[in-house]
Every structure is written in structure tokens, then in C-alpha cells.
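In case you want the letters, here they are:
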Amino acid sequence: MVAQRNDPIIDGSVVLATDIVALIAERDALAKENEKLEKINQVLMRRVELGWGNHSDAYQSFENAALLADRVKERTHMLNQTLGHLQAANLEISRAQEESEQAHQRLADAVESIFDALALFDDRRQMVLANSRFYEHWSHTDIKFELGKTSLRDIVNYSFSRSVFELESGETIWAEETFGNRVFQLYDGRWVQTSERETADGGLVLIITDITALKNSEAAEREKALEDQARVLESTINNMSQGVALVDTNCELLVWNQRFLEIANLPVEMVKSGVNFNQLMSGSEVFVGAELLPINARNGRQQSVLEYEKTLENGVVLVVRRHLIPGGGFVNTYTDITERSLQQRALKESEKRIRLITDAVPAMISYISGELKFEFVNLQFAQWHDSTREQIEGRSMQSVMGNNVFERHQEYVWQALDGQTVEFEIEDSSSGSKDLILQKTYVPHYGQDNQVIGFFALEQNVTRQRRTERALKSAYQNLEDRVYQRTKQISEINEQLRDEIRERRQIESRLLSAKREAEEANLSKIKFLAATSHDLLQPMNAASLFASALLEKKLPDETLGLVQSLSYSLDNIEALISALVDISKLDAGVVEPEVGSFEVQALLDNLVKEFKQQTEGASLEICYVRSSAHVLTDSQLLARILRNFLSNAVRYTETGRILLGCRRRFNGVEVQVIDTGPGIDEKEQNEIFKEFHRGDSASTNDDKGLGLGLAIVDKISHILNHPVYVKSVLGRGSCFSVLVPYSNDQPDNQINKSNADIPAIFEVASSTHVLVIDNDDSICHAMDILLSGWGCTVKLVQSNAQIETMLGAEVLPEPDLIIADYHLDDGLTGLEVINQINDKAAVKIPALMITANYTNELRQQVRDSGYHLINKPVKPLKLKLAMNHLLTSN
């Protein structure tokens, strides 16, 4: 293989060689000058030796000789330095040559590894490189290739002059200098595709790909498609409800289906391809010859479709259609219209019944077409006009009603034809009587194209009703006068009552105003506490993260005790704030249940694992009974209720057992928490659900709670409409339960299994790159310490300016995980920043959203975006498990 002549590595070597030549020239010049100085030195030394005693300037000559020797020494040192530079330059040339040879070999190996035939041409289109497959492609020809001399034009001219290549369309190419991007067929039947691409230095790469297998595959697919179409056509004909027979120009049968045999009642052995159709059908009852008539023959043009309707002896009615083929021959179709014929008869019978019914109706009924002609009238209408149906039907409205009467109806007629249902009353004197009042209704009739093609008319004589109405109106007026007198008397009495009512309303208004002010004050307090939950939980979240980071470090026992006490105090403050926030949000009505169907067993498993960790080392056993029931409720709110039940049971039960289980009731599943604690007095069982009420039972546990747990349970149960029950006996224990409705559907909201049994060692997150986005300095600092302690590499982004800089960079950071606070500065949200990062990332980065917002809308929005959400304050274990889940599932 031959490499290109214009190699960048060789060019660099030439430059380096030029520098070396200059150094060699400098070395030679120094060597000559040094040799000259040495000769001068030798002459001077000889003169000193010969004339030391005869000349008085001998010492001066000696000094000159010494100075000359120093100069020689200096020149010699410079010569040695030049020789050192020369040796280093020689070494660089050797290395450059080795690298050039390696690059040449890599290029040759790369070209040789290409499966297709490849040749490389320089800017003059002379071939400089080719792989073995390129030579193999031309091995059956007598063309000779010589690198640096054979041109692309020579190869193209040879290919087409010797008919080696032919275009796919069959045409040839002359006077072309390149193959171009085309498909060719070789003389031996093979197919190839040529591709050309210019290089950066003006050269050209030619690739020849053998696509014979692809072409053969396409031909096989086309043949298979034609076979499939033939099978589909045959299947379609065989499954048609019509009988079909195809006859050629010689009146010979070519194609038929099974339905044709059934209708024609022909033996199978007689029906063969090529049999004369007229002879075959001559003995059949369905044979039709000269009876066939062209459809729409009245237009005088030659028709390609002929039709004839025939009734067989067995009562079957057939329509025979002959479709003439332009090139000769025809297709006969035989359609059984017996059912349609019967339906037409039924319609005629139905029309007779309708006439009987309309004739019995005591009203005039008619139908007027769009041409304003009567197409149908009933007996009452004909009698009203002293005529018969035959005399009216087909005549125009104007001729039947008269010009004067029609002019008075004309406005309503146009409205009906415009698509409006019109109802009106009009005086009529066409029957000879006076002062007759007719009530008429015009209903438009729409055709298939949704256009009005006529209207129905219903006319009734309402003269008697109108006269009765006038009499009633007169009687009503007299009665109204009498009522007025009595009403006047009652009004005076009512005025006295109104004064009393007015005074009572004023009193009631003052009471309502006072109540409204109290409710508004309470609601303002609740909304304020709910709205400031983010500001309350933000510093608590940071303090909790700092404490957790300290607990994970090796500390002296005394310091560790202080940190544990600090963590315990923070947990108590956090529980207090969370409980107050929960109460305020429940009172403010911002908590909305997200109802779904799920298996209650998954929820019980999570709760038991969670509380077993809390009771490890204590003389208290937690057990539960499994259940396969499916319930319909909000899993998060139900878990809050049961978690408060279990927390109270653990808090007040020093020794014994706590049992969690379900009982099936006729109207739902009753989830119970039973303990062997001190019990609750019956008098206090209604008080324990009030806010800040704590039990008086003695307990060695210092954690007595805040008295808000059961108050939260009571408010959640009202939101979910799930009744809560309590049973307790002093000295024996208590049973708290909640009734949850059944679900008839399959679970649509699976509860994640608890990860409480996962070890605390965070193996997956080690050496993980985490991007933390938060506008709070303390939380960023705490996150950095905590995550770094877990072995993570943390990058912090705090301000909006840093976020804009990061998003505007050409290369965005692609960490393993993103942790972002939802509320950032200036209305920006962490969810928007994560979406912008993932829009530019090559692979979607898992993200963890942290927020103090507990709304279902935000939870659903984060879930729809494919991210995970944790509410503040963040527990380190919960954060670690969430990170572990996201990193292992991606």
C-alpha cells in the first residue's frame, strides 16, 4: 500500500531538517574559526619559545597567546553546545519518522479494514491509495493500476467503453470524469453502488459497494407482494356476497367464485376455466341474454354496465349486472336482492298504514316539497278544502290556497325552507266560515346532504280554545280586582310584620358580621401559618442536614452525645412545626385527596418495617396480620392516619404487643391498631381528638407528643369521609381503627415497597457526581458536607446568575444525579432548570425535587416529568434511599 505524498508529519520533519542543516553550517563555521585560532596560538607559542631571551616584548606575546587560548576554549565550548543541539535534533527527526510510519500504517490498516472497495485520489485525481478489495473488484479485467499515475478519468472511461458498468436505467455515460453517486449493473449480472466524497485537501474518495444481495432481495419482495395481492384478490372474490364470473373476449370463463356456483346451481365438474360461458349458462335458470338493459339508457350514450332484475321460481330476486371491459370481455355479478324487494313491499304496506293513521288524526297534515307542491295530504286536509287527495297532491300551494291566502302564508313558508321550525296562528276563511283561527306548524325536512328539501305542515282549528281563553281572561280580571282589595288589607298587616322582621334582620346581621370577622381572623391565621411553612422548614432542613452530617463522622463520646441530643431536639422541633403546618393546611382546606385503588397489604408492610426499627431493643413487639383486600382511597393520607395510630401506641405502650391488621366489614375494610398499653378512660375518648390534648396515662417515655396526632387523624378522616373508631379499657389497652371502602378495580396506584431493610451503607452513590441547585447558602453548605461524607462529588449552583451561566455554556455538566429546590429566586423553579438541562443532555439525567409544597398538583407535575419528589424537612436516610433508587434504576 502507498501513502499520500502530502503528509503533515513529513512536512514537519522537513522543517526540522532545515533547522538541523543551519546548525551544521554554524558548527562548520565555528570549527574553521577555531582551527584558525589554534594555528595562530601555535605560531605565537613558537615565537615565544624561540625569542624569549632575545626580545623584550616576550611577556606581551605570552599574554596574547594566553588570551588567544581562552578564546579558543570559548569557541570550543560553543562548538560542543552546537553538537548537542544537533544530536537532539537528530533524535527528534527519528521520532517524527517513526510516528509518520505508524500513521501511515494505521491509515493503511483502516483502509484495508473497510469491507467495500475503496480508492483515494489526490487533487489532480491521480490514484494514491487503494485497498485489496478495490484491486479484487477489477481482477477480472485487464486494466493496470499504477499509484501516482492512474487517474480516475482513465478508470471511468475504461469501465464504460468495455461495458463493465451500466446504469440502473440502462443508459450509458460518456465523457464523464467521475462515477458519481449512482447504481450500476455489471456485465456478469452483479449490482454495485458508487459513492464519491471530496477530502479537505481537494482529493477524492471513491467507494464501490456490492449491493447484489439487496437487489435480489428487493426483486423477491416485489414477486412476493404480487403473489400476496393475487391471494388477497382471490380471497376477496371468494368472500363476496355476490356471485362473480369473469369472461374473456372469446366468451370463455376465466374466474368465478363459490357464490356464483351456488346462485347458478351449476355442478362443480362442469365449471372449468376456458369453457364457453353461454353454453355453460344455457341450462341455468339465472341465464340472462338479450334481457340485459343499459343503466340510464335514456341519455343515448353507449353504456359499460348492463342490468336486469329476475325473479326465480323459488321466489329469490336477483339483479344481474354485466360490466363490459374496454379491451373485450365482461364481468357478470349476481346479487340477491330478495330481502330488499321484501322491504320495498313492506314500505308500501307501511305507507298504507300511515295514511290510515294520519286520516284518523283530528288535524290537517300535509307535506310540501321544495317546489311548493303538495306531495301528501291526509283526509282531514282534503275535506277542509272540499277536495280529494288526488285533486290536491301534485298541485302548488298557491293554486290550492288561493293568491290572497298564500301571500299571508308566504313569510312563514320561506322561514321553513330556510330551516326554521315555524309555529303561528292565522285567520282562515277558505272554508266559507268567518272568524276561524287555525294554528299551524311548519317543520323543515332535511335531505341526505343536510339541505332542506321540503317541510311538514300541521294545522288545527283552535277557534273554540281562543274564545274560551277570552272568557277566562275576563273572569280573571274580575277576580283580580277582588283579590286586590283583600291584598290591600293583608298588606297593612304584613307591614307591621315587616317592621318586626326588619329589626330581627338587623340583629342577625350584626351577629353574622361578628361571626364573619372571627372566621376571617381564624382563616388569616391558618393561611399565614400554611404559607410560611416553607420559611419555617427551610432553616430546620439545613440544621437537620448539618446534624446528620456530624452523626456520620467519628466524634468523641462526649461530643457524640451532644450531637445526638441536638439531633433529637431538632427532630422534636421538626415534628412540632410539621404538625402545626399539617393542622393549618387541613383547616385551610388546601389538602385534596388523590384517590386510587391499591392493595392494603403493601401499606401494612411499609408501616411495620418502619416502626420495627423504632422499637428495636425495647421490650415491645409489633406484629400484624396480612390482608389481600383492595381499597379505594388516598394511600398517603391513609398512611398518615395509621402512622399516628402506631406512634401513639409505641409512645404509651412500655411493654407488651402492638397488633396491626384488617377486618372485612360489609361496607369496607376496617384497619385496626391494637395495643396493650394503659388504656383510655371512657370520659376522655372524645377529648383525645381535640388539638393539644395529651393522654394522662403514666409512661417512662419522655416523648409525650404534642397532642396533635389524633387531631390530624380526625381532620383527615373528614376529608376522606372515612369514619374513625376507638375502643379502650383502662389497664388493658386500646384499639384505634379506620373504615376504608372496598375497590372493585385492579390496583392502579402501586405503593412502593419500603426500603427500611436496606443497609445504611450508601454503596451506589459513592463516587457519584451530584449537581445541587438551591438558593439557600446554609442548605447548599449542609448538602455539600452530607453528600461529600457519602463519597459523592458535589457541584453547587445557588444564584440565578450561576444558573444562566451554566445553561448558556456550550457544554453543560452531565452529572449522575440532580438535586434541586423547587422554589428559587425571582419566580424561577427547580423543575424548569432541570427540564432545560435535560433538553440539552444526551441522556436524561435522573433528578430529585425537594420542596415544602405538599399540593397534589406539584406532586403530579413532578411525577409526569419523570422525576422524584421529597418534601421538607429532608431525612438523610430518606434522601439516601431515594438517591439509591434513582441511581440504580437508571
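To start, this report covers the structure provided alongside it. Fair warning: this is a prediction, and the values are worked out from it, not measured in the lab. (Residues numbered from 1 in each chain as written. Predicted model: local features only at pLDDT ≥ 70, side-chain atom pairs only at ≥ 80, totals over all residues. Heavy atoms only, no water.)

For the rest of this paragraph, the subject is the overall build of the protein chain. Of the regular secondary structure elements, the protein chain holds 23 helices and 29 strands. Counting every position in the protein chain, which comprises 890 residues, the buried fraction comes to 37%. Put simply, 56% of the contacts in the protein chain that link residues at least 6 apart link residues at least 24 apart. Only carbon and sulfur atoms are counted for the fraction: they give 51% of the accessible area of the protein chain, which is about 53,500 Å². (Helix = DSSP H or I, 4+ residues; strand = E, 2+ residues; numbered from the N terminus. Buried < 20%, exposed > 50% of the residue type's maximum accessible area, 1.4 Å probe, protein only. Contact = heavy atoms within 4.5 Å. Areas by Shrake-Rupley, 256 points an atom, 1.4 Å probe, with all protein chains shown as cover.)

On to the packing of aromatic side chains, then. Using the criterion set out here, one finds 11 aromatic pairs in the structure. Taking the centre distance of 5.4 Å and the plane angle of 80° together, the rings of phenylalanine 424 and tyrosine 442 count as edge-to-face. On the criterion of sequence distance, the pair formed by phenylalanine 424 in strand β15 (residues 422-428) and tyrosine 442 in strand β16 (residues 436-446) is long-range, its members being 18 residues apart. The class for phenylalanine 424 is buried, based on a relative accessible area of 6%. By relative accessible area, which is 1% here, tyrosine 442 ends up buried. Ring geometry for phenylalanine 645 against phenylalanine 736: centres 5.4 Å apart, planes inclined by 35°, an arrangement best described as tilted. Here the residue phenylalanine 645 occupies a position in helix α17 (residues 635-652), and phenylalanine 736 occupies one in strand β24 (residues 733-740), the gap between them amounting to 91 residues. Looking at phenylalanine 645, the relative accessible area reads 2%, which means it is buried. Cluster of aromatic residues (ring-pair linked, three or more members): Tyr412, Phe424, Tyr442 and Phe455. The positively charged end of arginine 322 is found above the aromatic ring belonging to phenylalanine 330, 4.0 Å away from the centroid. (Phe/Tyr/Trp six-rings, centres within 6.5 Å; stacked < 30°, edge-to-face > 60°. Lys NZ or Arg CZ within 6 Å of the ring centre and 35° of its normal.)

Quick look at the pairing of β16 now. Of all 11 residues in β16, eight are buried; the element is thus mostly enclosed. One ladder, built from seven bridges, connects β15 with β16; its direction is antiparallel. Each bridged residue has a counterpart across the sheet, and for aspartate 428 the counterpart in β16 is leucine 436. Connecting β16 to the next strand, strand β17 (residues 452-461), in antiparallel fashion are five residues, including asparagine 450 with a positive phi near 60°. (Pairing = 2+ DSSP bridges.)

With that settled, consider the sheet that holds β16. Each strand in a sheet pairs with another by means of backbone hydrogen bonds, the pair being arranged parallel or else antiparallel. Within the open sheet, the five strands sit side by side as β14-β13-β17-β16-β15. Their pairing is antiparallel. Every interior strand has two partners, whereas the edge strands, β14 (374-377) and β15, have only one. This sheet shows a mean twist of 25° between the axes of neighbouring strands, independent of strand direction. Strand direction decides the pairing type here: strand β13 (residues 364-369) and β14, joined by three bridges, are antiparallel. The residue of β14 that forms the bridge with tyrosine 367 is phenylalanine 376. The strands touched by helix α12 (residues 403-417) within the sheet are β15, β16 and β17, with β15 carrying the most contacts at an inclination of about 165°. (Axes fitted to C-alpha atoms, helices over the stretch in contact; angles between N-to-C directions.)

Peptide bonds are trans in most cases, and residues, glycine excluded, mostly fall at negative phi. A positive phi angle, near 60°, is found at arginine 125, a position not held by glycine. On the secondary structure map, arginine 125 appears in the loop between β1 (117-121) and β2 (127-130). Within the chain, aspartate 386 stands out as a residue other than glycine whose phi angle is a positive 55°. Mapped onto the fold, aspartate 386 is located in the loop between α9 (379-384) and α10 (389-392).

This part is about the nonpolar core. Core analysis: the biggest nonpolar cluster contains 37 residues, and Leu642, Phe645, Ile658, Leu660, Val671 and Phe736 have the highest contact counts within it. Here this core takes nine residues from α17, the largest share from any one element. With residues up to four places along the chain from it excluded, the contact list for phenylalanine 645 reads Val673, Leu710, Val713, Val724, Phe736, Ser737 and Val738. (Core = buried A, V, L, I, M, F, W, Y, C linked by side-chain atoms within 4.5 Å.)

Read from one edge to the other, the open sheet built from five strands follows the order β26-β25-β27-β28-β29, with strand pairing classed as parallel. At either end of the open sheet lies a strand with only one pairing partner, and these are β26 (793-797) and β29 (868-871). Averaged over all neighbouring strand pairs, the angle between strand axes comes to 20°, with direction disregarded. Pairing of strand β25 (residues 769-773) with strand β27 (residues 817-821) involves four bridges; the strand directions are parallel. Within the sheet, the bridge partner assigned to valine 770 lies in β27 and is leucine 817.

Take the packing of helix α16 (residues 600-614) against α17 next. Packing of α16 against α17 leaves a shortest axis separation of 11 Å and a crossing angle of 35°. The element α16 and its partner α17 pack so that their crossing is right-handed. On the side of α16, the interface is formed by Leu603, Leu607, Glu610 and Phe611, while α17 contributes Ser635, Leu638, Ala639, Leu642, Arg643, Leu646, Ser647 and Val650. Along the lines of polarity and charge, the residues of the contact of α16 with α17 split into eight nonpolar, two polar and two charged. (Left-handed = near helix turned anticlockwise from the far one by under 90°. Nonpolar A, V, L, I, M, F, W, Y, C, P; charged D, E, K, R; others polar.)

Relative to the 18 Å expected for 13 residues at 1.5 Å per residue, helix α19 (residues 777-789) spans 18 Å between its end C-alpha atoms, a close match to the ideal helical length. Within the span of α19, buried status applies to Ile779, Cys780, Ala782, Met783, Leu786 and Leu787. Buried residues in α19, looked at end-on, bunch into an arc of 165°, giving them a common side. Looking at α19, the residues exposed on the side facing more than 90 degrees away from the buried face are Asp777 and Gly789. One or two residues past the end of α19 sits glycine 791, with phi positive at roughly 95°. (Expected span 1.5 Å × (residues − 1). Arc of directions from axis to C-beta.)

What follows deals with the environment of serine 151. Note on placement: serine 151 falls in the loop between α3 (132-137) and α4 (152-161). Once residues within four sequence positions are removed from consideration, serine 151 is found in contact with Phe121, Arg125 and Gln126.

Checked against the element boundaries, threonine 829 lands in the loop between β27 and α21 (830-840). Its relative accessible area of 13% is what places threonine 829 among the buried residues.

Before going further, it helps to spend a moment on the pairing of strand β6 (residues 204-210). The pairing of β1 with β6 spans five bridges and is classified as antiparallel. Counterpart to phenylalanine 121 in the pairing with β6 is leucine 204. Between strand β5 (residues 191-198) and β6, which pair antiparallel in sequence order, lie five residues; one of them, glycine 202, sits at a positive phi of approximately 90°.

When the terminal C-alpha atoms of α17 are compared, their 26 Å separation across 18 residues agrees well with the 26 Å that a helix rising 1.5 Å per residue should span. Where burial is concerned, most of α17 is hidden: 14 out of the 18 residues are buried.

Along the chain, glutamate 832 falls in helix α21. Judged by relative accessible area, glutamate 832 falls into the partly exposed class, the value being 39%. Note: C-alpha distance between glutamate 832 and tyrosine 822 (10 residues apart in sequence) is 8.9 Å.

Together, Ile493, Leu497 and Ile501 make up an exposed nonpolar region whose accessible area comes to about 270 Å². As for its position among the elements, isoleucine 493 is in helix α13 (residues 463-531). (Patch = residues over 30% accessible without salt bridge, like charges linked within 9 Å, V, L, I, M, F, W, Y side chains within 5 Å. Salt bridge = Lys/Arg side-chain N within 4 Å of Asp/Glu carboxyl O.)

That is the geometry; function is a separate question.
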